[in-house]
Amino acid sequence: MRIGRVAVSHTSKGESIPAIGEVFRFWIVTNKYIKVVRSGERTNAAGKPVSNIILLSISDDDYSSLRPHLEYVNLPNHQVLHEAGGKLEFVYFPNRGLISLVVVMKDGRTAEAGVVGNEGFTGAPAAVGLSRGPLRAVVQITGDGFRAKVGALQKTLEAAPHFRLLLNRYVAIRGMQIAQTAACNRLHGIEQRLARWLLMTQDRVDSGSLRITHDFLATMLGTDRPSVSLAAGVLQKKGFIEYARGAVKITNRKKLESSTCECYAVIRQYDGELGLK
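Analysis parameters
- Residues numbered from 1 in each chain as written.
- Predicted model: local features only at pLDDT ≥ 70, side-chain atom pairs only at ≥ 80, totals over all residues.
- Heavy atoms only, no water.
- 1 Å grid on protein atoms, 1.4 Å probe; cavity = no way out; pocket = protein on both sides within 12 Å on 5 of 7 lines; lining within 4 Å.
- Points joined across faces, edges and corners; volume = space filled by probe spheres on them.
- Helix = DSSP H or I, 4+ residues; strand = E, 2+ residues; numbered from the N terminus.
- Buried < 20%, exposed > 50% of the residue type's maximum accessible area, 1.4 Å probe, protein only.
- Contact = heavy atoms within 4.5 Å.
- Polar contact = N/O pair within 3.5 Å; in protein donor to acceptor, adjacent residues only side chain to side chain.
- Phe/Tyr/Trp six-rings, centres within 6.5 Å; stacked < 30°, edge-to-face > 60°.

Draft legend 1. Summary view of the layout of surface pockets. For the largest pocket, the calculated volume is near 280 Å³. Forming the walls of the largest pocket are 19 residues, and the residues nearest its centre are Leu101, Ala124, Pro125, Leu135 and Ile178. No other element matches the five residues that helix α5 (residues 161-187) contributes to the lining of the largest pocket.

Draft legend 2. Highlighting the environment of Tyr264. Along the polypeptide, Tyr264 turns up in helix α10 (residues 262-273). Given a relative accessible area of 6%, Tyr264 falls into the buried group. Each C-alpha atom, one on Tyr264 and one on Ala195, is 8.8 Å from the other, the two residues being 69 residues apart in sequence. When residues no more than four places from it in sequence are discounted, the contact partners of Tyr264 are Arg196, Leu199, Met200, Asp203, Arg253 and Glu257. Within the structure, Tyr264 has its side chain in polar contact with the side chain of Arg253 (distance 2.6 Å).

Draft legend 3. Seen up close, the packing of aromatic side chains. For the structure shown, the criterion picks out four aromatic pairs. Taken together, a centroid distance of 5.8 Å and an interplanar angle of 70° make the contact between Tyr72 and Phe146 edge-to-face. Of this pair, Tyr72 sits in strand β3 (residues 71-75) while Phe146 sits in strand β7 (residues 136-149), placing them 74 residues apart in sequence. Note on Phe146: relative accessible area 0%, which makes it buried. Seen from their ring centres, Phe121 and Tyr170 are 5.3 Å apart, and the 40° between their planes marks the pair as tilted. Residue Phe121 is located in the loop between β6 (110-116) and β7, and its partner Tyr170 is located in helix α5; the two are separated by 49 residues in the primary sequence. Relative accessible area serves as the criterion here: at 2%, Tyr170 is assigned to the buried category.

Draft legend 4. A look at the side chain of Thr260. Take Thr260: it is sitting in the loop between α9 (253-259) and α10. For Thr260, a relative accessible area of 11% gives the class buried. Within the local environment of Thr260, its side chain forms a polar contact with the backbone oxygen of Gln192, the two atoms lying 3.2 Å apart. With residues up to four places along the chain from it excluded, the contact list for Thr260 reads Gln192, Ala195, Arg196 and Leu199.

This is the structure in structure tokens:
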């Protein structure tokens, strides 16, 4: 990474989008927090390259302490990483893909509370000493990454104050985003929520084409498939997206931003607190 230059991705109309992970690296370096290495320059003990921004942002000493405990894993679509209320056995640091954090009701209904890409990690309660979490973590877009046992992470953090501070800051800001998402799911219409979700997802996967189905979108947004199909149809008719064969393609990001509610801007502001904006 070159200081002073931020990598971008582009929509199908050539609009520039800052790559969220690259901006996170830029923020840490320009704030002289800790040295950051390039994607792929670090590996786990088995030689698998690291692209997760948190793992690239910690010091060499802290990474060396955690490295023996990092297990490379594929993250297939719809795999559940943590169950709501269940004991946290692992934390996950995605390289690629997208993970949804989901609230699960007793009757089985669900609503998404947040998303995690390669800028973050799942199993966040473990970073502050908790053994259980209230959210289900499920892979939304196929990817890969690393997992470590909760005990190994917590032992590493005991002797790694900068690493602990980085994770605690991430946990705090993620909590603010979850609160905003909860308000959005309660107060705003499905079209606005769908637009927000698509924008947040593109921010993290840096792609204009998102491989997801209407059924899965309905699960994430806490509604039914017909409602999602109707909202997607409206956005497609306006020329903001295209939907075909289990994939949604964002064709006009600026217009899509104009159709969402204020929650997207608020969540992006919180991203800025982490240097992800």
